[in-house]
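# Fold and contact review
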Amino acid sequence: MVEKAYKAKRNSDVISTNIVYILMKKYVILGILTSFFFLGLGIYQFFTLNNGKLQVTVCDVGQGDAVVIRTPEGHTILFDGGPDKSVLQCLRKALPFWERRIGLILLSHPHADHLNGLIDVLKTYSVGQFATEDLANTSDGYKALQEIVRTEGLSWQSLVSGDKIKLDSGVVLTVVGPTKEFLSRTAVGGKYITSSEFASLEILLTYQKFSFLLTGDSQYQEMGESIAMYKDQLSRVTLLQTPHHGSRSGITPEIIAVLHPQVGMISVGAHNSYGHPAPSTLVTLQNAGVKIYRTDKEGTLRVISDGKSYNLQ
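Summary of the structure given here.

The rules behind each value
The written sequence of each chain sets the order in which its residues are numbered from 1. Local features in a predicted model are, by the rule used here, given only for residues with pLDDT of at least 70; side-chain atom pairs are given and counted only at 80 or more, and totals for whole chains, interfaces and linings are based on all residues. The basis for the side-chain values is all heavy atoms of the structure; hydrogens and waters are excluded. Put simply, DSSP marks the helices as runs of H or I at least four residues long and the strands as runs of E at least two long, and each gets a number from the N terminus on. The cut-offs for exposure are 20% and 50% of the maximum accessible area for each residue type, with area from a 1.4 Å probe on protein chains only; residues under the lower value are buried, those over the upper are exposed, and the others partly exposed. His residues and chain termini do not enter the charge count, which takes Lys and Arg as positive and Asp and Glu as negative. In what follows, salt bridge is the name for a side-chain nitrogen of Lys or Arg lying within 4 Å of a carboxyl oxygen of Asp or Glu. Nitrogen and oxygen atoms within 3.5 Å of one another constitute a polar contact, given that in protein one can donate a hydrogen and the other can accept it, and given that sequence-neighbouring residues count only through two side-chain atoms. For our purposes a nonpolar core is just a set of buried Ala, Val, Leu, Ile, Met, Phe, Trp, Tyr and Cys residues, chained together by side-chain atoms within 4.5 Å. Contacts were defined at the residue level, with two residues in contact if any of their heavy atoms lie within 4.5 Å. Only strands that DSSP links by at least two bridges are regarded as paired with each other. Two rings from Phe, Tyr or Trp (for Trp, the six-membered ring) form a pair when their centres are within 6.5 Å of each other. A pair whose planes differ by under 30 degrees is stacked, one over 60 is edge-to-face, and the rest are tilted.

On to the side chain of Arg 302, then. Checked against the element boundaries, Arg 302 lands in strand E14 (residues 301-305). It turns out Arg 302 is buried and unbridged, and the closest side chain with the opposite charge, Glu 99, is 12 Å from it. Here the side chain of Arg 302 touches Gln 55 through a polar contact of 2.4 Å, side chain to side chain.

The next subject is the pattern of salt bridges. Enumeration over the complete set of coordinates arrives at 4 salt bridges. When the shortest N-O distance is used, the salt bridge between Arg 185 and Glu 225 registers 2.9 Å. Within this pair, whereas Arg 185 is found in helix H5 (residues 180-186), its partner Glu 225 is found in helix H6 (residues 220-229), the two being separated by 40 residues in sequence. Arg 294 is paired through a salt bridge with Asp 296; the nearest N and O atoms lie 2.7 Å apart. Residue classification places Arg 294 among the buried positions, given a relative accessible area of 17%.

Turning to the nonpolar core, a few remarks are in order. Leu 78, Leu 91, Ile 105, Val 121 and Leu 145 are the most contacted members of the largest nonpolar core, which totals 28 residues. For this core, the elements supplying multiple residues, two or more each, are helix H2 (86-94), strand E4 (101-107), helix H3 (112-124), strand E5 (126-133) and helix H4 (140-151). Beyond its immediate sequence surroundings of up to four residues, Val 121 is in contact with Leu 78, Val 87, Leu 88, Leu 91, Ile 102 and Ile 105. Counting 27 residues, the second-largest nonpolar core is a separate cluster that includes Val 56, Leu 106, Leu 214 and Leu 239.

Side chains on a regular strand alternate between the two faces of the sheet. With 6 of 6 residues buried, strand E8 (residues 172-177) is to be regarded as a mostly interior element. With 3 bridges connecting them, strand E7 (residues 164-166) and E8 associate as antiparallel partners. When the bridges of E8 are listed, Lys 164 appears paired with Thr 174. Between E7 and E8, which pair antiparallel in sequence order, lie 5 residues; one of them, Ser 169, sits at a positive phi of approximately 60°.

Let us look at the packing of aromatic side chains. Inspection of the entire model under this criterion finds 4 aromatic pairs. Ring plane angle 85° and centroid distance 5.7 Å describe the contact between Tyr 142 and Trp 156, whose orientation is recorded as edge-to-face. Of the two residues, Tyr 142 is situated in helix H4 and Trp 156 in strand E6 (residues 156-159); the sequence distance between them amounts to 14 residues. The exposure class of Trp 156 is partly exposed, given its relative accessible area of 28%. Site record: aromatic cluster; members linked through ring pairs are Phe 130, Tyr 142 and Trp 156.

Spatial relationships are all this shows, so hold off on functional conclusions.
Printed below as a string of structure tokens:
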């Protein structure tokens, strides 16, 4: 009986050892496969996202705006952050997974659907600089953004028409609106008039022959003033961020006739309550022969340019 019990125990020990060995083998194989996955992902992202070209990602963040700009030498600029933390998912795809630095954040204007996501970005990424227009808001989200910008040790910089930001490889960001005069006419005591949707940063991104006009929530009044001041630079832009999610108050046929963009990109949430994009805006773009791409239809949009031509994905 003792011998049988001993044999049973020994067999049980062997079985236990085999189970441990099998489990260890599975974990080792799983570890190796995981390592190969991240190695492959790293190699893919390294060559895809560090290809020596300008890359612009118009994020699908629902009813809001967020645009990621990656220069040919791999510096990152974020224009607006959308309404919530969904911008983080877009950043993870637009940047290598190991990269946690954004050189510059630009806020077009102090509205929730453009600024709220920046709070999560500032908590997640190391940011070099922050800049926006010279208007404030009284919302809790805006106050939270101000607080985290201070906490991160960043200065709150204000941009106005005429300012330029020179990046690597000849990439330039030119602020074409608003002017100080426009701000003084449309703002009350330096506060954003939320009911009228007036001033918003308008920035022309240029890289050799390629150009992209970023507009935020601009209205046709500001757009018209910018065109009057920068007609040569704004004539025949390559891409246009259609103002204010395609609102009917963002553009006119006369404005589109000058800009004459090849592509109009519309950041807009599916089935939004505002009716964006407006049918009249779509008709204006279509009549001018502008190709229309919408985040509510195509999802996140990615543009790659070598400065001469571009590829839209």
